[in-house]
Amino acid sequence: PRALCRHRLASFAAMKIACIGAGYVGGPTMAMIALKCPDIIVTVVDINEARIAAWNSDVLPIYEPGLDEVVKAARGKNLFFSTDTRKHVGEADIVFVSVNTPTKTSGIGAGKAADLTYWEGAARMIASCSTSSKIVVEKSTVPVKTAEAIQKVLTRNCTDPNVQFEILSNPEFLAEGTAISDLQNPDRVLIGGQETESGRKAVATLKWVYEHWIPSERVLTANLWSAELAKLTANAFLAQRISSINSISALCETTGADVSQVAHAIGTDSRIGHKFLNASVGFGGSCFQKDILNLCYVCESVGLKEVADYWFSVVSMNDYQKNRFVERVISSMFNTVSRKKVAIFGFAFKKDTGDTRETPAIDVCKGLIRDGGKCCVFDPQVSADQIMRDMSTPKFEWDRPNYSRSSTRFLENVEIAASYDAAADGAHAICVLTEWDEFKGYDYAALYAKMQKPAFVFDGRNVLDHAKLRDIGFIVYALGKPLDPFLQKGY
């Protein structure tokens, strides 16, 4: 075995990896591969010069706990970030493609189907600059059978008949906020390839890369189509659990039950488990909604309407939960928030990340503004510019490169606060929309003194001490818990 190991190491000693796309997936994943594989040269390429400059600076373009340490340990040694895409892709043995696959906004499949424009563009570029055979790895979330289409693009656009491309699917299963620990110690790594001799060799090559630090039994292999579908299905199942407990939260409020107690009771059942059973204002992030809509479109395309309808209900329930939260805020505050300041605590879609893609906060803020409210947002990691762009960007457009702020009336009613007390100063209510741990330690008695009365707290994440808040004098709405008598309608 040692002789075989030495042979394999010698075989791959000069390996070069390139990754197209320096975003939330490409950057951290390649940084971890570089850290764990000092014998492999890893280069992340992107046409966005500002983003690459940030990856090469002391302030990385994304916030993720532990990412700074990983990048700085490998950068300049065997980890590089560059805008010279053609050079590094041309030299690479393995090319990861981690580009945006947004939901289509027009044409056939608008609102559901994935737009593979950027993926196709990447494939054409790989083909045009390749002078040696390559393994091309799907890292972006893509529809089933994408590999088949990409193979056609690669082979028809490469002029060198000696260059061969082998497509692999290697979907990411990272959770933002814990991405580094997920990369260091994953539940599994999934590699899908063609069931041919060359396909099996390509799978073995990528498997060898991951086995630098991941036990072999956790590196799973499958055929291409199973690997592509597994990613969509995994996200659909996780989102389904959130929508399921959120549906129960609505029932709890009307019956006097406590959704936290219900979730704990069912979570102790080993067949169910406790993860993803925290009721909230709704799920967000770049993948859940997009992947479910993509799954629905695939199902509809092959005539499985009932299956598509089933999964679409998960998204519908998520929209219902966000709308229900907005309606609860408005009805509690005497049926109007017109000209009232509402402090928004948290804009990221979850704690420990600066990612705002599909965050529930966008729809909640827009709902309050439509009723005439003024939202004052504080988030410890999200920039003012990002919040303003999100509030002015049409649905689904956030996943396209270089989307920019547009003029909209929403921006006139959004204010960004530099601190939590500035956000709450003079506000009628506080809405907790992200479960940042620091929110639990604020001086709410001091905030209460600065706010209009009656002062409300609408906890969309159930992270605060509600009994203590009521003792201070707040009217508290805790999602999925028995309603405060003040909030109960008398008709």
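Since the model is a prediction, treat every value here as computed from it, not as a measurement.

Engineer: Can you help me understand the pairing of strand 1 (residues 16-20) in this one?
Structural biologist: Within a regular beta strand, the side chains point alternately toward one face of the sheet and then the other, so they alternate between its two faces. Taken across its five residues, strand 1 has four buried, putting it largely inside the fold. As paired strands, strand 1 and strand 2 (residues 41-45) are joined by five bridges and run parallel to one another. Note on strand 2: the bridge partner recorded for Lys16 is Ile41. As a crossover connection, the stretch from strand 1 through helix 2 (residues 26-36) into strand 2 is right-handed. Pairing of strand 1 with strand 4 (residues 94-97), which is carried by four bridges, proceeds in the parallel orientation. Among the inter-strand pairings, Ile20 is bridged to a residue of strand 4, identified as Val97.

Engineer: Sorry if this is basic, but what is going on with helix 9 (residues 197-210) here?
Structural biologist: Within an α-helix, residues lying three or four positions from one another point in the same direction, as the helix has 3.6 residues per turn. When the terminal C-alpha atoms of helix 9 are compared, their 20 Å separation across 14 residues agrees well with the 20 Å that a helix rising 1.5 Å per residue should span. Along helix 9, the residues classified as buried are Gly199, Ala202, Val203, Thr205, Leu206, Lys207, Trp208, Val209 and Tyr210.

Engineer: Which parts of the structure should I look at to understand the packing of aromatic side chains?
Structural biologist: How two aromatic rings sit relative to each other is set out by the distance from centre to centre and by the angle between their planes. Taken as a whole and assessed by the stated rule, the structure comprises 18 aromatic pairs. Note on Trp55 and Phe81: the rings are 5.1 Å apart at their centroids and 5° apart in plane angle, and the pair reads as stacked. Within this pair, whereas Trp55 is found in helix 3 (residues 49-55), its partner Phe81 is found in strand 3 (residues 79-82), the two being separated by 26 residues in sequence. Judged by relative accessible area, which is 0%, Trp55 ranks as buried. For Phe81, a relative accessible area of 6% corresponds to the buried category.

Engineer: Can you help me understand the pattern of salt bridges in this one?
Structural biologist: Where charged atoms of side chains with opposite charge meet at close range, the side chains can pair. Summed over all chains, the structure comprises 23 salt bridges. Here Lys87 makes a salt bridge to Glu91, at a shortest N to O gap of 3.3 Å. Separated by four residues within a single helix, Lys87 and Glu91 lie in helix 5 (residues 85-91), roughly one turn from each other. Overall, the relative accessible area of 40% leaves Lys87 in the partly exposed class. Note that Arg124 and Glu120 form a salt bridge whose closest N and O atoms lie 2.7 Å from each other. Of this pair, Arg124 and Glu120 both sit in helix 6 (residues 117-129), four residues apart, which is roughly one turn of that helix. Arg124 gets classed as partly exposed once you look at its relative accessible area, which sits at 38%. The class of Glu120 is partly exposed, set by a relative accessible area of 33%. Several salt bridges share partner residues, and in doing so they unite Lys16, Lys87 and Glu91 into one network.

Engineer: Would you take a moment to explain the nonpolar core for this structure?
Structural biologist: The nonpolar side chains of soluble globular proteins are, as a tendency, buried together. Counting residues in hydrophobic clusters, the biggest one holds 65 residues, and the most contacted among them are Phe325, Phe345, Met391, Ile430 and Tyr444. It is helix 14 (residues 360-370) that contributes the most residues to this core, six residues altogether. When near neighbours in sequence (up to four residues on either side) are disregarded, Phe325 contacts Val281, Val364, Cys431, Leu433, Phe458, Asp459, Gly460, Tyr477 and Leu479. Judged by nonpolar contacts, the second largest core, of 41 residues, contains Cys19, Val44, Ala74 and Phe81.

Rules used in this analysis
Residues numbered from 1 in each chain as written. Predicted model: local features only at pLDDT ≥ 70, side-chain atom pairs only at ≥ 80, totals over all residues. Heavy atoms only, no water. Buried < 20%, exposed > 50% of the residue type's maximum accessible area, 1.4 Å probe, protein only. Helix = DSSP H or I, 4+ residues; strand = E, 2+ residues; numbered from the N terminus. Pairing = 2+ DSSP bridges. Right-handed = clockwise from strand over helix to strand, strands pointing away. Expected span 1.5 Å × (residues − 1). Phe/Tyr/Trp six-rings, centres within 6.5 Å; stacked < 30°, edge-to-face > 60°. Salt bridge = Lys/Arg side-chain N within 4 Å of Asp/Glu carboxyl O. Core = buried A, V, L, I, M, F, W, Y, C linked by side-chain atoms within 4.5 Å. Contact = heavy atoms within 4.5 Å.

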